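# Understanding the architecture of this molecule
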Amino acid sequence: MIWAKEETLSRSEMEALQLKKLKETASYIYDRVEPYRKKMDEAGVKPEDIQSLADLQKLPFTYKVDFRDNYPTGLFAVDKKELVRFHASSGTTGKPTMVGYTRKDMENWTENVARVVCMGGASDQDVAQISFGYGTFTGALGLHGGLEKVGAAVIPMSSGNAKKQMMFMEDLGVTLLVATPSYALHLGEELKARGLDPSKDLSLRIGLFGGEGMTEAMRDEMHKLWGEDFFCTQNYGMSELCGPGVAGECEALTGMHFNEDWFIPEIIDPVTEEVLPPGERGELVITCLGKEAIPLVRYRTGDLTRLMYEPCSCGRTTVRMENITGRADDMLVIRGVNVFPTQIEEVLFSIPEIGPHYEILVERINHLDAMTISVELVDDTLLDSYSKLSELGDRIKTGLKEQLGLATKIKLVAPQSLKRFEGKAKRVTDLRKDGV
Ligand code: DLL
């Protein structure tokens, strides 16, 4: 089901709507947010200079550091009394990125998430278990609002306690699971450990995953664990932009549709900061339209992807983006070779004898970069056979060499021995950063 008429506007109707909102946004930030006024003055651009969508490029970029420099509320355009909610990003060090919402922002956010959950097949027939951690993370309360809006019965489960998660799924006939893809894989293992057959014991039919990337290999793994009929999509968002509700996959599974009447995506070269031609891969930059509390313009997301403008068979006309291949700051440079964890993941997931969990350790040994990848065996009886183990290790190394052009060390470990994550997975430890 398509939730809103804005998802099917013709290109010219969409662009007219975007331009109207962009002009309003340019005036709004200039009048109300001191750091923006300063940046725009420095760039020599006034709100009235925005006369076409191409003029968006005249506006200065906003960076994550702008949030830090203006912590906690220096980028806000409204008084605290107009706010009805705060959220904060899950930063691991230092101060979090603080965001706020007016009542109108909350309505728009909920509406955008409703669109995204409909893209993934949710309806008022669903019983939805939300297994994101509740708290200042935008994922849980964001999906919660959108799912309630479409009429699903929501279980605010939070993450953790896999046994209890299974119990609720069975007892309440849960049809829809919301989680990070890595936690969904972990829950799938619990399902197996309990000897449950998803097609007989559960009513689960939909997965709405997000907060981190889901590669196609990971989606295949979901089918192995949750059954072939399990339909899973991913959706994308970021606390600074609102949280989830920015873009989502539809039933055609050909990329994530943007809610373009609220978010204008651009793709830039992260180094030169130049806007790239349509279809090229680069860093995603987003301008929010019509946001009241934090009206972000040209925000550098750090996420790498490409945009697709061709029509989609689902009937939506909105631009789509391909799976995020990594973050500009996720990229590892190993002996001069650029490596993204998603490239490693693709190889690992294509090998049936190993499970979906892995850890990457990068260190410097005798002044040379070395990468060790620990992977779990599916079947621990392999541990008794040296020849089988070394054949498997060699096969993984060859696959990685072909993909990355780089030699790696492989550590095959017993099933269930690597760390599991309830939220976003942290798979890379780079000891070189500590000067080792
Ligand atoms: O992760 C918002 C969200 C929650 C989106 C739940 C969807 C579902 P942050 O914690 O601010 O917000 O993290 C944002 O997570 O810049 C991406 O790097 C990553 N990310 C989110 N969704 C995806 C996805 C939420 N589908 C950061 N694919 C973003 C790849 C994703 N990366």
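Residues numbered from 1 in each chain as written. Predicted model: local features only at pLDDT ≥ 70, side-chain atom pairs only at ≥ 80, totals over all residues. Heavy atoms only, no water.

### Remarks on the overall build of the protein chain
For the protein chain, the count of helices and strands is eleven helices and 21 strands. Here the C-alpha radius of gyration of the protein chain, 23 Å, is about what a compact globule of 436 residues would show, namely 22 Å. A principal-axis box enclosing the C-alpha atoms of the protein chain has dimensions of 70 × 55 × 40 Å. Within the protein chain, contacts between residues at least 6 apart in sequence are counted, and of these 66% link residues at least 24 apart. Here the protein chain has roughly 19100 Å² of accessible surface; of this, 51% comes from carbon and sulfur atoms. Separation between the mean location of the 52 positive side-chain charges and that of the 67 negative ones in the protein chain comes to 3 Å. (Helix = DSSP H or I, 4+ residues; strand = E, 2+ residues; numbered from the N terminus. Rg over C-alpha atoms; globule rule 2.2 N^0.38 Å. Contact = heavy atoms within 4.5 Å. Areas by Shrake-Rupley, 256 points an atom, 1.4 Å probe, with all protein chains shown as cover. Lys, Arg positive; Asp, Glu negative; His and termini not counted. Charge placed at Lys NZ, Arg CZ, Asp CG, Glu CD.)

### Comments concerning the UniProt feature "domain: AMP-dependent ligase C-terminal" (unreviewed entry) in the protein chain
The feature "domain: AMP-dependent ligase C-terminal" (unreviewed entry), as given by UniProt, occupies residues 336-432 in the numbering adopted here. Regarding residues 336-432, the helix share stands at 29% and the strand share at 34%, and the terminal C-alpha atoms are separated by 14 Å. (UniProt positions renumbered as here; feature names shortened; annotations may be inferred.)

### So, the nonpolar core
Leu143, Leu147, Tyr236, Leu241, Phe258 and Met321 are the most contacted members of the largest nonpolar core, which has 65 residues in total. Ranked by residues supplied to this core, first place goes to helix H4 (residues 103-119) with six residues. If we ignore the near neighbours within four places in the chain, the residues touching Leu241 are Val246, Phe263, Ile286, Cys288, Lys291, Leu296 and Tyr299. Counting 50 residues, the second-largest nonpolar core is a separate cluster that includes Leu177, Met214, Val347 and Leu412. (Core = buried A, V, L, I, M, F, W, Y, C linked by side-chain atoms within 4.5 Å. Buried < 20%, exposed > 50% of the residue type's maximum accessible area, 1.4 Å probe, protein only.)

### A closer look at unusual backbone geometry
In this structure, the amide linkage connecting Tyr71 to the following residue, Pro72, adopts the cis form with an omega of -5°. You can see Pro72 is positioned in the loop between helix H3 (64-69) and strand E1 (83-88). Look at Asn161: it is not a glycine, yet its phi comes out positive at around 55°. Given the relative accessible area of 48%, Asn161 is considered partly exposed. With a phi close to 65°, Gln416 is a non-glycine residue in the positive phi region.

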